[in-house]
Amino acid sequence: MVWLGEDRQKREHGRAAAPQGKSAELSQGAADLVRARDQLLGGGQPRHPRLDAESLRSALVDLYELWLTGKGTEIGITPDSGLAIMAVGGLGRREMLPYSDLDLVLLHEDMDPQRVAEIADRLWYPLWDAHIKLDHSVRTVPQAMKVAAGDLVAALGMLDARHIVGNPDLSDRIIAGIRKEWRRDIRGRFDELVGGVRARWERSGEVAHRTEPDLKNGRGGLRDIQLLDALAIAQLTDAMPGLGPDAPGGGLAQAHRRLLDVRTELHRVAGRSRDQLRAQDADEIGAALRIGDRFDLARTLSDAARTVGYSVDVGLRTAGNALPRRGLARLRRMPVRRPLDEGVVEHAGEVVLARDARPQRDPGLVLRVAAASAQTGLPMSATTLNRLSEDAPELREPWPKDALNDLLVLLGAGRGVIDAVEALDRTGLWGRLLPEWGAVRDLPPRDALHIWTVDRHSVETVAYASALSTRVARPDLLALGALLHDIGKGRTEDHCVVGAELATQIGRRMGLWPSDVQVLSALVRHHLLLPDVATHRDIDDPATVQYVADALEHDPRRLELLHALAEADSLATGPGVWGEWKATLIGELVRRCRTVMAGEELPEPEPIPDELLARAAVGGVHVELTQGDGKYSYLATVIAPDTPGLLADTAGVLALHSLRVLSASVGGAGNSAINTFVVTPTFGAPPDAGLLRQELKRATAGELDVRAVLAARERDTPGAARYAQAEPRLLWTPAPVDGQFLLQLRAEDRIGLLCRLSAALAAAGADVRWAKVVTMGSFVVDVFCVDLGEDSGPQRLAAIETAVLAEVPRPAPRKPPEPERT
């Protein structure tokens, strides 16, 4: 302990200066402690069997307490002596490890310094001669209180204090006083506390993902559990935040015990105090704890550390929100509850359930909460997650379309997906959605290139894949393929073969079309195909190209998806795995494979039902809203005179009433436009069809500026103004009719995007003859058949591209590199 260092230096100097006879005299009584300690640490013999880690810690606590109690009584530290011995650190917490420092405080009632020094010498010298590392201090009650008030580390150490022997009133006064001041001063010390914690994490790294983790100081280590205890003493949070009934690993208490057990055996193996688990000791420690080999030990540690890490995140966030307000902050109104999705709101910087949410009747609520969290960057409330873990039922097979779409929104949120999935996983909710995840959870990598556990690597791959989503025509299958590409690991069989079978089961359970299930299974089965062939075979050999094409059944979309997946998988593996050499080889292989594959079919307009054609022949404006396939999806049908800007006005009116377009088919007959939209309300029930009709007539008459209102709505929506994950992409293809082109846009969605795109095309003079719009999670793949007439040259196409791209989200601009300092 830092605050005890000064006294230790003085005592060690005194010890060195003391005559040899004096040292021998003061050392009497230490031999029994040394023998007993050696017997506890030795073991393995019939008369002294080897103690397990927990029993060893308990025995060491009893041994030191017994010795200190006897020694204290011998040298006059009795209940009426005005002296007391108080333990802090491991002994104070009853977590004495084999070679941990013994942290003691000798308290006195402002006694004669010479008398106190004599008693201290008679206490410290036997411990020194027993070769026990000793952090010690001699204090009065006011001195101890002053040190704790001025030193955060000292205050944290004193929170673990425990009376051992002597006058209990002295220890009780300090313990009660320190804790009272801690609660009183926590508001002013909280920022310093958090800053110190984050600095420690920066120095020591994460226990869960380090090859040789620091079990004490790393993120998810033992000091973080002590931090939770300190926050609980300050009455800001629960020291053991609930993780739900299905939390993997047994919760925080079990994680704490596992970390202690590993560190205990680490001391025993090393023969000295050590915090960092070395790779060469892992097999022996795993065997001693009956866990298995070093890989089994790494998996156990990952589970424990991630449980602790999640609990600390919750604890710090809860503590920050619970800090008492002062000054003008006390006069502020309660935080506003902002709707994010059906049954989901933002409150006090967290994603929580709406007051009228009914988790028992809404299995898809879990995914809506997670998707909102990932998109906005706001954490999910621990109370919300606990309530969902207790009350939310499992999704039935096949999943509703709404649930699948919410999963795709979650997976398309970039880096936001990582924290969201971690929170779901630590509370047992992710395992309900994907029971197959248990086989890869906390599974350590088998090669040095991988820096993450298998489950974290899979989620990292999803995050990288979101930045590549506009390179493919099916971003939904890319996201699912990234999530499941290693789902077959953790078994003895080829993980690609096993994973393909599991992906088929999962795809069916999620309600994918049979053809999409086949593609998803193929992505998992062949996710290593392109990297392996490109780096180990001759891509100039036509047989190599034919081999890849045959494996992918000559499907150019599978090739496109695997190309993006190979890059995301490599980027998520570790530094240097994806580079220019590998990218060039795979890119050339893909180019050659495309030349031997059949071309893709051009999109075509959807046929218009006869009843809609008959209604259009009557004329006028018709708006109809009916229940769709999903619980929260509706079919909006709009028939109106085909005037310039009608599509933009229609899409704008839907967006103004919080109706998100999931898909659309735009067409017409005669002088009427016939547009159908599959929409879902952001929250609540959809508006009345009559209201939508009235608003549409106002918009087409110029009485309602839908674009201006949408811009204001977007500014006021949490997370709506964030940057895109991927660069938008435009693809031009000549249509069979002269002067017409198919314009395919792949981009990230935003509020009222279809309205903005339609208006941009109209302003550029591009007549939209028909359109097919599909939203896949957070991304859109929109196809517009535009008639450009006789002016369809490169300059005209470039002008339209500029107008369209101005309306879609773009990635954040990269910061220029800082100049090198000389």
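Another aspect to go through is the overall build of the protein chain. Along the protein chain, the regular secondary structure elements total 32 helices and 15 strands. Based on the C-alpha atoms only, the size of the protein chain along its principal axes is roughly 115 × 70 × 60 Å. Every one of the 822 residues in the protein chain was classed for burial, and the buried ones make up 54%. Residue pairs at least 24 apart in sequence account for 71% of intrachain contacts in the protein chain once pairs closer than 6 positions are excluded. Just so you have it, the protein chain exposes about 37,100 Å², and 49% of that area is on carbon and sulfur atoms. In the protein chain, 100 positive and 115 negative side-chain charges are present, and the distance between their average locations comes to 5 Å.

A side chain with one charge may pair with a side chain of the opposite charge, provided their charged atoms come close. Under the criterion given, the structure shown has 53 salt bridges. For Asp313, the salt bridge identified is with Arg219, shortest N-O distance 2.8 Å. On the criterion of sequence distance, the pair formed by Asp313 in helix α13 (residues 294–322) and Arg219 in the loop between α9 (168–204) and α10 (222–233) is long-range, its members being 94 residues apart. Using a relative accessible area of 30% as the deciding quantity, one classes Asp313 as partly exposed. Asp555 is paired through a salt bridge with Arg558; the nearest N and O atoms lie 3.4 Å apart. Here Asp555 falls in the partly exposed class, since its relative accessible area comes to 21%. Beyond isolated ion pairs, a larger network of salt bridges with shared partners links Arg258, Asp303, Arg306, Glu422, Asp425, Arg426, Arg441, Asp442 and Asp455.

A separate point is the sheet that holds strand β10 (residues 659–669). Reading across the sheet, the 8 strands line up as β8-β9-β11-β10-β14-β15-β13-β12 and stay open at both edges, with antiparallel pairing between neighbours. At either margin of the open sheet sits one strand with a lone partner, and together these are β8 (622–627) and β12 (729–734). Neighbour-to-neighbour, the strand axes of the sheet open up by a mean angle of 15°, direction not taken into account. Taken together, the 6 bridges between β12 and strand β13 (residues 740–748) define a ladder with antiparallel strand orientation. The residue bridging Pro734 from the neighbouring strand is Phe741, located in β13. Packing of helix α29 (residues 689–700) onto the sheet brings it into contact with β8, β9 (634–641) and β10, and relative to β8 it is tilted by some 145°.

In this section: the confidence of the model for the protein chain. Of all residues in the protein chain, 91% attain a pLDDT of 70 or more, and the chain-wide mean is 89. Within the model, pLDDT remains below 50 along residues 1–27, and this stretch shows 45 contacts once partners closer than five positions in the same chain are excluded. For the stretch residues 818–822, pLDDT sits under 50, and the model shows 0 contacts to residues farther than four places along the chain or on other chains.

A few words now on the pairing of strand β15 (residues 779–787). The buried fraction of β15 is high, at 8 of 9 residues. As judged from the 9 bridges shared by β13 and β15, these two strands associate in the antiparallel manner. Residue Leu743 lies in a different strand from β15, and its bridge partner there is Phe784. Sheet topology places strand β14 (residues 767–776) next to β15; 9 bridges connect them, and they run antiparallel. Across the sheet, Asp767 pairs through a bridge with Asp787, a residue of β15.

This next bit is on unusual backbone geometry. Between Glu397 and the following residue, Pro398, the backbone shows a cis peptide bond with an omega angle of -5°. Positive phi outside glycine occurs at Arg290, with the angle close to 60°. Of the residues examined, Arg290 reaches a relative accessible area of 81% and is grouped as exposed. The backbone phi angle of Ala348 is positive, close to 55°, even though this residue is not glycine. Relative to the elements of secondary structure, Ala348 occurs in the loop between β6 (344–347) and β7 (350–353). Judged by its relative accessible area of 35%, Ala348 is partly exposed.

Here the focus is the side chain of Thr307. Looking at the secondary structure, you find Thr307 in helix α13. Polar side-chain contacts of Thr307 include one of 2.9 Å to the backbone oxygen of Asp303.

This part takes up helix α11 (residues 251–270). Between its terminal C-alpha atoms α11 stretches 29 Å, which fits the 28 Å expected from 20 residues at 1.5 Å a residue. α11 sits mainly inside the fold: 14 of its 20 residues count as buried. Just past α11, the residue Gly271 takes up positive phi, approximately 75°.

Turning our attention to the nonpolar core. By size, the foremost hydrophobic cluster in this structure holds 93 residues, and its most contacted members are Met380, Leu407, Leu410, Val417, Trp430 and Leu589. A total of 8 residues in this core trace back to one element, the largest contributor, which is helix α14 (residues 365–376). Excluding residues within four positions of it along the chain, Met380 makes contact with Arg317, Val351, Val369, Ala370, Ser373, Leu385, Ala420, Ala423 and Leu424. Of all hydrophobic cores here, the second largest spans 58 residues; its members include Val105, Trp182, Leu215 and Leu297.

Here the focus is the packing of aromatic side chains. Under the counting rule described, the total for this entry stands at 3 aromatic pairs. On the numbers, 5.9 Å between centres and 90° between planes, the contact of Trp430 with Trp437 is edge-to-face. Exposure remark for Trp437: the relative accessible area of 1% places this residue in the buried category. For the pair Trp732 and Phe741, a centre-to-centre distance of 6.1 Å together with 85° between the ring planes defines the contact as edge-to-face. Over the ring of Tyr464 we find Arg415; its NZ or CZ atom is 5.8 Å from the centre of that ring.

Our focus in this paragraph is the sheet that holds strand β5 (residues 338–341). Spatially, 3 strands are ordered β5-β6-β7 in an open sheet, and the strand pairing comes out antiparallel. Here the strands that pair on one side only, and so sit at the sheet edges, are β5 and β7. Averaged over all pairs of adjacent strands, the angle between their axes in this sheet comes to 40°, without regard to strand direction.

Thresholds applied
Residues numbered from 1 in each chain as written. Predicted model: local features only at pLDDT ≥ 70, side-chain atom pairs only at ≥ 80, totals over all residues. Heavy atoms only, no water. Helix = DSSP H or I, 4+ residues; strand = E, 2+ residues; numbered from the N terminus. Buried < 20%, exposed > 50% of the residue type's maximum accessible area, 1.4 Å probe, protein only. Contact = heavy atoms within 4.5 Å. Areas by Shrake-Rupley, 256 points an atom, 1.4 Å probe, with all protein chains shown as cover. Lys, Arg positive; Asp, Glu negative; His and termini not counted. Charge placed at Lys NZ, Arg CZ, Asp CG, Glu CD. Salt bridge = Lys/Arg side-chain N within 4 Å of Asp/Glu carboxyl O. Pairing = 2+ DSSP bridges. Axes fitted to C-alpha atoms, helices over the stretch in contact; angles between N-to-C directions. pLDDT = per-residue confidence, 0-100. Polar contact = N/O pair within 3.5 Å; in protein donor to acceptor, adjacent residues only side chain to side chain. Expected span 1.5 Å × (residues − 1). Core = buried A, V, L, I, M, F, W, Y, C linked by side-chain atoms within 4.5 Å. Phe/Tyr/Trp six-rings, centres within 6.5 Å; stacked < 30°, edge-to-face > 60°. Lys NZ or Arg CZ within 6 Å of the ring centre and 35° of its normal.

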